[in-house]
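Here is how the chains run, residue by residue.
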Amino acid sequence: TIRQSLPADVCEQIVTTILGARRVLVAGFGTSGYLAGMLTHGLELHCPQAQSLAGVGGPAHGARTLFKLTPQDVVIVISFPRYSADAVFLAQSAKEAGVPVLALTDRVTSPLSPFSKMALYAHTESPYFSNCEASVLALIEALRNAVAHRAQEPIKAAAQLAEAVLPWIHGSHD
């Protein structure tokens, strides 16, 4: 199970790293870009600045952002078989710049592993597609929840968010 494959000390260190970072950048390309968006969406409520590098600018957007990073930031890179060469290059470049890299990938032999300070692994085998993202999404949900659990005043942050988005929720104008 996913829970058994997540060592508590590694999870604790990852959550501490994310919450202690000045900026959290999440990179994923191809299908992993959608997963990067989901992770970023969950982290922005509890991190000073969380940004997805998966966007209309493609991998070049990540390169444009990378040069501004410092060791006080963290880059989370998501990639699974058939690994994105851009994701691997981004992880390598971040590590060379002294920026901590966290990987969400499938196994220790992933090409992200040499460049990652820490990693979380999810099995993604699928008989019909190159990957099954359901286990990765469960891992992302667990990570988002762990960060929310350890964040300062998560209930207050959630209440402030709810109040801020209320005008955009259908039926709230009654």
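Structural data are supplied above this passage.
Residues numbered from 1 in each chain as written. Predicted model: local features only at pLDDT ≥ 70, side-chain atom pairs only at ≥ 80, totals over all residues. Heavy atoms only, no water.

A. Examining a nonpolar patch on the surface more closely. A cluster of nonpolar side chains, namely Leu45, Leu161, Val165, Leu166, Trp168 and Ile169, defines an oily patch on the protein surface of about 580 Å² accessible area. The topology assignment puts Leu166 in the segment after α6 (154-165). The exposure class assigned to Leu166 is partly exposed, which follows from its relative accessible area of 43%. (Patch = residues over 30% accessible without salt bridge, like charges linked within 9 Å, V, L, I, M, F, W, Y side chains within 5 Å. Areas by Shrake-Rupley, 256 points an atom, 1.4 Å probe, with all protein chains shown as cover. Salt bridge = Lys/Arg side-chain N within 4 Å of Asp/Glu carboxyl O. Helix = DSSP H or I, 4+ residues; strand = E, 2+ residues; numbered from the N terminus. Buried < 20%, exposed > 50% of the residue type's maximum accessible area, 1.4 Å probe, protein only.)

B. Fine view of the sheet that holds strand β3 (residues 74-78). Across the sheet, which stays open at both edges, the 5 strands sit in the order β2-β1-β3-β4-β5 with parallel pairing between neighbours. Strand pairing shows two members of the sheet lacking a second neighbour, β2 (50-52) and β5 (118-121), which therefore form its edges. If you compare each strand with its neighbour and ignore which way they point, the axes differ by 15 degrees on average. Bridging between strand β1 (residues 24-28) and β3 involves 5 bridges; their strand directions are parallel. Bridging across to β3, Val24 finds its partner in Val74. Against the sheet, helix α4 (residues 85-96) engages β1, β3 and β4 (101-105), with an angle of about 160 degrees to β3. (Pairing = 2+ DSSP bridges. Axes fitted to C-alpha atoms, helices over the stretch in contact; angles between N-to-C directions. Contact = heavy atoms within 4.5 Å.)

C. Region of interest: the packing of helix α3 (residues 59-66) against α4. Running from N to C, α3 and α4 cross one another at 5 degrees; their axes reach a closest spacing of 10 Å. It follows from the interaxial angle that α3 and α4 lie roughly parallel. In contact with Pro59, Gly62, Ala63 and Leu66 of α3, α4 contributes Asp86, Leu90, Ser93 and Ala94. A breakdown of the residues in the contact of α3 with α4 according to their chemical character gives 5 nonpolar, 2 polar and 1 charged. (Parallel < 35°, antiparallel > 145°, perpendicular 65-115°, else oblique. Nonpolar A, V, L, I, M, F, W, Y, C, P; charged D, E, K, R; others polar.)

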